[in-house]
Amino acid sequence: MSDAPKKQPTILETIYAQRAKDVEVAKSTAGTTPEDISALLAMHLAPPLIPLVDRLKRNPSSNTASPSPSLMAEIKRASPSKGPIAMTTNAAAQALTYALSGASVISVLTEPTWFKGSLLDMRLARQAIDALPDRPAILRKEFILDEYQIAEARLHGADTVLLIVAMLSPDRLQALYAYSLSLGMEPLVEVNNAREMNLALELGAKVIGVNNRNLHDFQVDMGTTSRLVEMVRERDVILCALSGISNPKDVQVYKEQGVRAVLVGEALMRAADTGAFIRDLLQWPEPEPERNEPTWVMVSGVKDAAEAESLAKAGADMIGFIFDDTSSRNTTPDAAAQIVDIIRASGLPASSAPTPAAAPVTPAPWFTTQRRNLQSTAVRSLAVGTFRNSTLSDILRIVAAAKLDLVQVDASVPAGWIKHIPVPVIRRFRIDDTADLARPGVHSFALVEHDTSEGDEKNFQKAATLVQAGEAGKWPTPIILSGGLTMKNVARAIQTVGPWAVEISLEADPPADNVREFMAAVKNTQ
Ligand SMILES: O=P(O)(O)OC[C@@H](O)[C@@H](O)c1c[nH]c2ccccc12
């Protein structure tokens, strides 16, 4: 009598069994029960979503004649088939790198045992990219078998989740798909063969990924995706190729077959220069070199129409009104409104204003994008309202009444106010108190105010350090330099600090020198 040989579980079955246990533990832990997660979602503690399908349709080559696939870039420290891949990777830093390299989706492995990932990784990845102007979607890459994991994903900042057809009964697949949609998340449905593809199509999945790696035996066959392409032709489905993608040829083949996105993990985790690797892999265009914009001049403390008109004609980029009744240059909303009409009419004619740059194809971090956007507007002069000791409702009223383009407030103004102000906000920092100067997503611009008693050189060096600290390591931090600038020192200031704009105030005591000469000195420095 011989026993039938006991079948060894496949790796997928092993992981499933472990994950089922892990979920039970989490569900029965006080504070993270299903009731807790539901309550947290009902309190709107999950951050806002972006739609996966839309985001997958945009990538740095979308505007070109022959768009390449979009990228789902994966954070994967280790895997059961490869063991450790990049154990020291910091999920937040890696997410930001992927985002700034043009990824449409950031896939974060949250499985701890074999992939060395966590929900915290996913949450941090989301936080790191949250203030980017067109952030990628966050994918929870997980062995999802329970609604609980989908609710958890949503709570911790995912925009989409993975559903693996090979791992779920048709009923469970259907239920999990519907649950994810009910939370606003279109899932990525993963298939490995024609039978699974049929199930995904019956489900109505809009985003289907073909895994070239068989999760039962780890065999990678790059033809897996290609063989299933015909099944989705003419359908409203974004087809994605997953696994084993490491060189431009792999992507080129898929592109020709109509594959719209590729998911890449290991090759990106091992790349020395992630951005360059991604551009080469996807054959995306080189980022446009940063245009060398002339340094802008803001003249603050204007209160007289004739003065404003002559400054606008002389090419002042921003004209500032002071709303502060303790200032010698205080103005009223009505007076400002009249002057704004005049400077609009006498500013640069549209034809001589710089042509707005086309929407940048390669994403830049927050402050750099704000600066680019402002510098590409054709309107001159822009009207800035400087507020000191005003309430939020005063600011809102005056922005509307005076038709201001920008608002300048002190750094101490609550961050919560700023999101209610309907125009870009310049936050004014003293040079020795610049905490939060470079925090993305709150203010649009940082103005750094000199301490004039300290002497120029010391101030310029401090300001230069702030600029050089940079955004995301690569972009100089855009600042507006202010305080104690004159026609004599402004050239030196620009050369040492590299601000994108300088402010001269008519409030200064002793009065600042001739503003036109100041503007000429700035122009001559370019
Ligand atoms: O590292 P690669 O070969 O680029 O593969 C990434 C991705 O496809 C893979 O991580 C993956 C695809 N489906 C999964 C399901 C669970 C865990 C992981 C995966």
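Quick caveat: nothing in here was measured; it's all calculated off a predicted structure.

What counts as what
Residues numbered from 1 in each chain as written. Predicted model: local features only at pLDDT ≥ 70, side-chain atom pairs only at ≥ 80, totals over all residues. Heavy atoms only, no water. Axes fitted to C-alpha atoms, helices over the stretch in contact; angles between N-to-C directions. Helix = DSSP H or I, 4+ residues; strand = E, 2+ residues; numbered from the N terminus. Left-handed = near helix turned anticlockwise from the far one by under 90°. Contact = heavy atoms within 4.5 Å. Nonpolar A, V, L, I, M, F, W, Y, C, P; charged D, E, K, R; others polar. UniProt positions renumbered as here; feature names shortened; annotations may be inferred. Buried < 20%, exposed > 50% of the residue type's maximum accessible area, 1.4 Å probe, protein only. Pairing = 2+ DSSP bridges. Right-handed = clockwise from strand over helix to strand, strands pointing away.

Caption draft 1: Expanded view of the packing of helix α18 (residues 456-469) against helix α19 (residues 490-497). The interhelical angle for the contact between α18 and α19, taken along N-to-C directions, is 35°, at an axis separation of 8 Å. The two elements α18 and α19 cross, and the hand of that crossing is right-handed. On the side of α18, the interface is formed by Glu 457, Phe 460, Gln 461, Ala 463, Ala 464 and Val 467, while α19 contributes Arg 492, Ala 493, Thr 496 and Val 497. By residue class, the composition of the contact of α18 with α19 is 6 nonpolar, 2 polar and 2 charged.

Caption draft 2: Summary view of the UniProt feature "domain: Indole-3-glycerol phosphate synthase" (unreviewed entry) in the protein chain. The feature "domain: Indole-3-glycerol phosphate synthase" (unreviewed entry), as annotated in UniProt, sits at residues 12-281 in this numbering. Across residues 12-281, the secondary structure splits into 43% helix and 16% strand, with the terminal C-alpha atoms separated by 29 Å.

Caption draft 3: Structural context of the environment of Glu 234. The topology assignment puts Glu 234 in the loop between α9 (223-232) and β9 (238-242). Residue Glu 234 is classed as exposed on the basis of its relative accessible area, which comes to 80%. Placed 85 residues apart in sequence, Glu 234 and Gln 149 show a C-alpha to C-alpha distance of 33 Å.

Caption draft 4: Representation of the sheet that holds strand β5 (residues 137-141) within the structure. Ordered in space as β1-β4-β5-β6-β7-β8-β9-β10, the 8 strands form a closed barrel in which the pairing is parallel. Between one strand axis and the next, the sheet turns by 25° as a mean value, whatever way the strands run. Sheet topology places strand β7 (residues 188-191) next to strand β8 (residues 207-211); 3 bridges connect them, and they run parallel. For Val 191, the partnering residue across the bridge sits in β8 and is Val 210. Across the sheet, helix α5 (residues 119-129) is in contact with β1 (70-75), β4 (105-109) and β5; its angle to β5 comes to roughly 175°.

Caption draft 5: Spatial organisation of the pairing of strand β10 (residues 261-264). Where burial is concerned, the two faces of β10 agree: the one with Ala 261 and Leu 263 and the one with Val 262 and Val 264 are both buried. Two strands pair when backbone bridges link them, and β1 and β10 are joined in this way by 4 bridges, in the parallel orientation. What sits directly across from Ser 70, in β10, is Ala 261. Of the pairings in the sheet, the one linking β9 to β10 comprises 3 bridges and is parallel in character. Along β10, the bridge assignment pairs Leu 242 with Leu 263. Handedness of the β-α-β unit built from β9, helix α10 (residues 248-257) and β10 comes out right-handed.

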